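Topology and contacts: notes
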Amino acid sequence: MLGFFDSGLGGLTILKEVIRLMPDYSYIYLGDNARTPYGSHSQDIIYKFTSQGVARLFDEGAKLVVLVCNTSSAAALRRLQMEFLPEHYPDKKVLGVIIPTAEETVKMTNSKEIGILATEATVHSFVYPREITKLDGEIKVHQQACPLLVPIIEAGELEWEGLDLIVKKYVGQLFERSSAIDVLILGCTHYELISDVIKKHVPDSVKIFNQARVIAEKLENYLECHPEISEQLGKDGKRDFLSTEDSWRVKDLFRKFYGEKINPRKVSL
Ligand code: DGL
């Protein structure tokens, strides 16, 4: 099975795209809805929560886990790969979303100024500026933390008029730093769910990077290059959804964001 981990619902936007591209594999998704948002926590807490989620997915049978969460990828991926896997799951793999995003966005900018909207933890990790400037040292990365967005999305308040004002403020603050930004990264998988609201406030000339599509394509490519992994994943089209919260709200939001009726299985981490 291919495993997907997110702090909550945002990763479903990537899972949907992956399944559209590769429908035959077996998939398992875990959202830590009971403890979301991760983005306002310290690196240590995010590492602890993420490693618990990843362990659960491996114990359920996943061979490869993708952290479909920028915050977990920023705060925990490296430590998972360097310490956690060698010690506990030496034959398994964990991938993240930041390096693939950096690789694609450096190709998209002409002005060499990239903007990013992300959680506080992702912004404070400086992983995006680091990975992007490793690929092209001339690029400037402007970051804007958006701490209110994930709680609003997880509450399902996508139609609330206050959301528009908050997005306008965050986007305005980002473009005040530089009007030369020509590529905008939605550096949190939850933001895809409000991309229409974000687009309204972003200048038309700015390209908004679609993380879901690119991550799905890169994953397909990765599996083609690693047949020894893809052969272990199972191709019976099974879908399994887990959540750390069993509530009417979570079930409703899974259905809304995945587009099908889903009854996530409640797990404790
Ligand atoms: N989907 C997560 C991300 O991509 C949301 C983080 C959070 O829980 O704050 O960053």
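Our subject in this report is the structure included herewith. (Residues numbered from 1 in each chain as written. Predicted model: local features only at pLDDT ≥ 70, side-chain atom pairs only at ≥ 80, totals over all residues. Heavy atoms only, no water.)

**Points about the sheet that holds strand S10 (residues 265–266)**
Rule in force here: Pairing between two strands requires that DSSP report at least two bridges joining them. Every helix listed is a DSSP run of H or I at least four residues long, and every strand listed is a run of E at least two residues long, numbered separately from the N terminus.
If you trace the six strands from one edge of the open sheet to the other, you get S4-S3-S1-S2-S9-S10, paired in parallel fashion. With one partner strand each, in any of the chains shown, strand S4 (93–95) and S10 form the two edges of the open sheet. Here three bridges tie strand S3 (residues 64–67) to S4, and the two strands are oriented parallel to one another. The residue of S4 that forms the bridge with Val-66 is Leu-95.

**Thoughts on the pairing of strand S9 (residues 239–243)**
Short version of the rule: Call a crossover right-handed when, viewed with both strands pointing away from you, the route from the first strand across the helix to the second goes clockwise.
Of the pairings in the sheet, the one linking strand S2 (residues 27–31) to S9 comprises five bridges and is parallel in character. Across the sheet, the residue bridging to Tyr-29 is Phe-241, located in S9. Note that S9 and S10 share two bridges and pair parallel. Residue Leu-242 lies in a different strand from S10, and its bridge partner there is Arg-265. This β-α-β element, S9 to helix H12 (residues 248–258) to S10, shows right-handed connectivity.

**Looking at the nonpolar core**
Counted only if it meets this: Joining through side-chain atoms within 4.5 Å is the link that ties buried Ala, Val, Leu, Ile, Met, Phe, Trp, Tyr and Cys residues into a set, and such a set is a nonpolar core. Residue burial is assigned from relative accessible area. The probe radius is 1.4 Å, only protein chains are included, and a residue is buried under 20% of its type maximum, exposed over 50%, and partly exposed in between. Contact definition: two residues touch when any of their heavy atoms are within 4.5 Å.
Judged by nonpolar contacts, the single largest core of 71 residues is most densely connected at Phe-4, Tyr-191, Ile-198 and Leu-223. Residue contributions to this core peak at seven residues, all from helix H8 (residues 161–177). Sequence-distant contacts of Tyr-191, that is, excluding residues within four places in its chain, are made with Leu-117, Ala-118, Thr-119, Cys-146, Leu-149, Val-150, Ile-153, Leu-186 and Ile-198.

**Here's the deal with unusual backbone geometry**
Residue Pro-37 is reached from Thr-36 by a cis peptide bond, and omega for that bond is 0°. By secondary structure assignment, the location of Pro-37 is in the loop between S2 and helix H2 (43–59). The residue Lys-112 is not glycine, and still its phi comes out positive at about 65°. Although it is not a glycine, Phe-126 adopts a positive phi angle of roughly 60°.

**A closer look at the packing of aromatic side chains**
We count it as follows: Centre distance within 6.5 Å is the pairing criterion for rings of Phe, Tyr and Trp, where only the six-membered ring of Trp is used; planes under 30 degrees apart are then read as stacked, over 60 as edge-to-face, and the remainder as tilted. Note on geometry: a ring has a charge over it if NZ (lysine) or CZ (arginine) is within 6 Å of the ring centre and within 35 degrees of the ring normal.
Under the counting rule described, the total for this entry stands at nine aromatic pairs. Taking 6.2 Å as the distance between ring centres and 40° as the angle between the ring planes, the aromatic pair formed by Phe-5 and Tyr-38 counts as tilted. Pair noted here: Phe-5 is in strand S1 (residues 2–6) and Tyr-38 is in the loop between S2 and H2, with a separation of 33 residues, a long-range link. Phe-5 gets classed as buried once you look at its relative accessible area, which sits at 0%. Summarising the aromatic geometry, the rings of Phe-84 and Tyr-89 are spaced 5.8 Å apart at their centres and angled 45° between planes, so their arrangement reads as tilted. Under the relative-accessibility criterion, Phe-84 is labelled buried at 10%. Taken together, the ring pairs in this structure connect Tyr-29, Phe-241, Phe-254 and Tyr-258 into an aromatic cluster. A cation over a ring is seen here: Arg-79 above Tyr-47, with NZ or CZ 3.8 Å from the ring centre. Against the face of Tyr-25 rests Lys-235, its NZ or CZ located 4.7 Å from the ring centre.

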